[in-house]
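Residue-level structural notes
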Amino acid sequence: MLQSLRGVRRQAAAIPAREGRAFQHGDATSPKKKGGKILNSLLYFTSSIFFDTLSGCLHVLVGFASYGSQRTINVGQPTSLSHPELLGEDEITPGIATNEYISRRKKLVELLPEKSLAIIASAPVKMMTDVVPYPFRQDADYLYITGCLQPGGIAVLGEECGLCMFMPDPDPDDAAWQGPVSGVEAAFEFFKADKAFPMSQMHKILPQMMGRASRLFHNVKTASPSYMHLEPFHRATSENKVKDLSIYTHEIRWIKSSSELKLMRASASIACQSLLQTMLLSRVFPEESKLSAKVEYECKIRGAQRMAFHPVVGGGANGSIIHYSRNDQKIRAGDFVLMDIGCELHGYLSDLTRTWPTCGSFNSAQETLYSLILETNKECVKLCKPGVSLQQIHNHSVNMLRRGLKEIGILNDEASYTYHQLNPTSIGHYLGMDVHDCTLINIDRPLQPGVVITIEPGVYIPSSYDAPKSYRGIGIRIEDEVLITETGHEVLTASMPKEIQHIKSLLNFSRGEGSEASDLRTACTWA
């Protein structure tokens with residue numbers, strides 16, 4: 001199919017120029033055919049338009065997107081003209097205005113040492129096979145500064161040059177196979193760059209910019225040979241004048257703006273609705289693969305572009321594997337299923353976990369252990385407020401879990417080193433454009449309004465662990481997203497049930513007659 005299409009394109013491009021008269025219905029110059037010349041000219045003109053359009057239609061389709069009677073330039077990603085349902089006129093990406101992107105650039109320049117130059121490459125395209133790429137996801141720092149969702153570009157930022165974008169050179173063949181991409185014109189008009197050049201010119205222009213800089217900072221995660229091979233970069237590296245830019249980009253990304261928080265609330269809402277629908281399905285189809293497929297479907301049909309990570313769907317003992325990913329087992333009647341999921345909405349991620357018995361009822365050991373994790377979750381959420389650090393919340397969770405596991409009889413004493421075998425994880429992490437967001441911000445730093453974190457206590461008991469038999473092979477995690485506010489906190493995933501009675505009512509709602517079951521039934525309807 002692909003080869004046939006390419007053949008058609010080549011044949012269309014090879015159509016020879018038409019010479020002479022288009023149709024020989026008669027000699028147009030004959031005195032007996034007074035109107036023939038006019039008719040023949042019209043036919044020739046019409047056929048020329050048709051064949052010119054046929055041979056060039058592919059380029060028209062590549063370069064433009066048609067909406068109604070209006071043609072708009074296609075820059076390779078949604079714009080307010082191509083997708084008015086997603087973007088306002090003043091937005092570069094959905095929910096984030098042009099002025100906010102410009103403000104981010106100014107903040108980064110202000111943080112950099114004087115006369116420094118920042119270089120941020122877009123994420124590389126990763127291949128699944130020699131001809132099949134993985135779905136592309138833009139690097140968070142590059143997206144945060146430029147708003148560009150496409151690969152192949154390099155952004156340079158400095159006090160002297162402002163934002164300079166080096167954009168992929170136009171390639172008609174690539175455009176025909178993979179669609180249009182943004183170029184220099186889009187960098188100026190759409191992304192509001194101060195300067196822009198094609199990538200083919202970078203080897204001439206960027207060395208001059210590097211030579212005038214006192215220091216170079218670049219995104220180590222997406223470092224590209226295209227600029228690292230340049231002589232001024234080599235020289236700066238040998239003089240220890242090249243550093244990781246992330247220490248500055250993580251600083252400005254850590255506290256979210258009101259626009260970012262609106263997107264994060266929406267992403268969390270999608271994740272909650274989707275997991276709720278999946279919880280309902282689990283009683284009828286207790287299979288890891290089906291639940292994984294269901295939650296991804298529900299997220300995407302509600303507007304998410306992709307999952308934040310491969311869903312964790314661990315039934316029974318698989319739930320004790322912290323980042324279990326196979327999702328290929330049936331869930332036995334009476335076992336827990338642990339689901340850790342999240343989705344991405346226009347660059348911003350959600351992350352939550354719930355654990356429940358697919359049969360709809362907890363046995364005694366499950367309820368005892370679940371209650372400990374739930375209480376730890378709720379107490380740690382209460383600690384979330386400005387001035388408290390993630391490390392302090394973690395320490396509190398460890399104390400609660402050590403004490404609780406000893407009381408249950410799973411730990412011999414609170415100081416036992418085996419606690420870390422049962423829970424080697426932290427209480428949470430920062431969340432934003434990456435799942436583990438702003439990792440260079442120390443967890444000892446006091447939280448501030450606008451920071452989003454996760455609170456996710458858990459316990460993971462292998463089947464082989466020396467504990468009472470009823471607790472072996474149980475994994476439980478209860479994870480919520482929490483926004484730090486001026487007065488305390490806001491739980492962004494509060495709509496997803498986690499109380500034992502609520503879970504029982506939800507999974508048995510077809511038989512429920514009380515008001516609580518009715519309320520949960522209403523909550524499970526489509527948003």
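Residues numbered from 1 in each chain as written. Predicted model: local features only at pLDDT ≥ 70, side-chain atom pairs only at ≥ 80, totals over all residues. Heavy atoms only, no water.

- The name an unreviewed UniProt entry gives the protein chain is Aminopeptidase P N-terminal domain-containing protein, with Zingiber officinale as the organism.
- Recorded in UniProt for the protein chain, the comment headed Cofactor (unreviewed entry) runs: "Mn(2+)". (UniProt positions renumbered as here; feature names shortened; annotations may be inferred.)

Some remarks on helix α13 (residues 364-382)
- The end-to-end C-alpha separation of α13 is 27 Å, in line with the 27 Å expected for 19 residues at 1.5 Å each.
- All of the buried residues along α13 are A365, Q366, L369, Y370, L372, I373, L374, T376, N377, C380 and V381. (Helix = DSSP H or I, 4+ residues; strand = E, 2+ residues; numbered from the N terminus. Expected span 1.5 Å × (residues − 1). Buried < 20%, exposed > 50% of the residue type's maximum accessible area, 1.4 Å probe, protein only.)

Considerations on a nonpolar patch on the surface
- Together, M128, V131, V132 and Y134 make up an exposed nonpolar region whose accessible area comes to about 390 Å².
- Position of V132 relative to the elements: it lies in the loop between β5 (116-121) and α4 (140-146).
- Residue V132 is classed as partly exposed on the basis of its relative accessible area of 36%. (Patch = residues over 30% accessible without salt bridge, like charges linked within 9 Å, V, L, I, M, F, W, Y side chains within 5 Å. Areas by Shrake-Rupley, 256 points an atom, 1.4 Å probe, with all protein chains shown as cover. Salt bridge = Lys/Arg side-chain N within 4 Å of Asp/Glu carboxyl O.)

Let's talk about the pattern of salt bridges
- Summed over the entire model, instances satisfying the criterion amount to 29 salt bridges.
- D434 is the partner of R137 in a salt bridge, and the nearest nitrogen-oxygen pair spans 3.4 Å. Highlighted residues: R137 in the loop between β5 and α4 and D434 in the loop between α15 (419-422) and β17 (452-455), separated in sequence by 297 residues.
- You can call R137 partly exposed: its relative accessible area is 28%.
- Note on D434: relative accessible area 15%, which makes it buried.
- In this structure, K256 and D437 form a salt bridge, with 2.9 Å as the shortest nitrogen-oxygen distance. Highlighted residues: K256 in the loop between α10 (246-254) and α11 (258-282) and D437 in the loop between α15 and β17, separated in sequence by 181 residues. Both residues of the pair, K256 and D437, count as buried.

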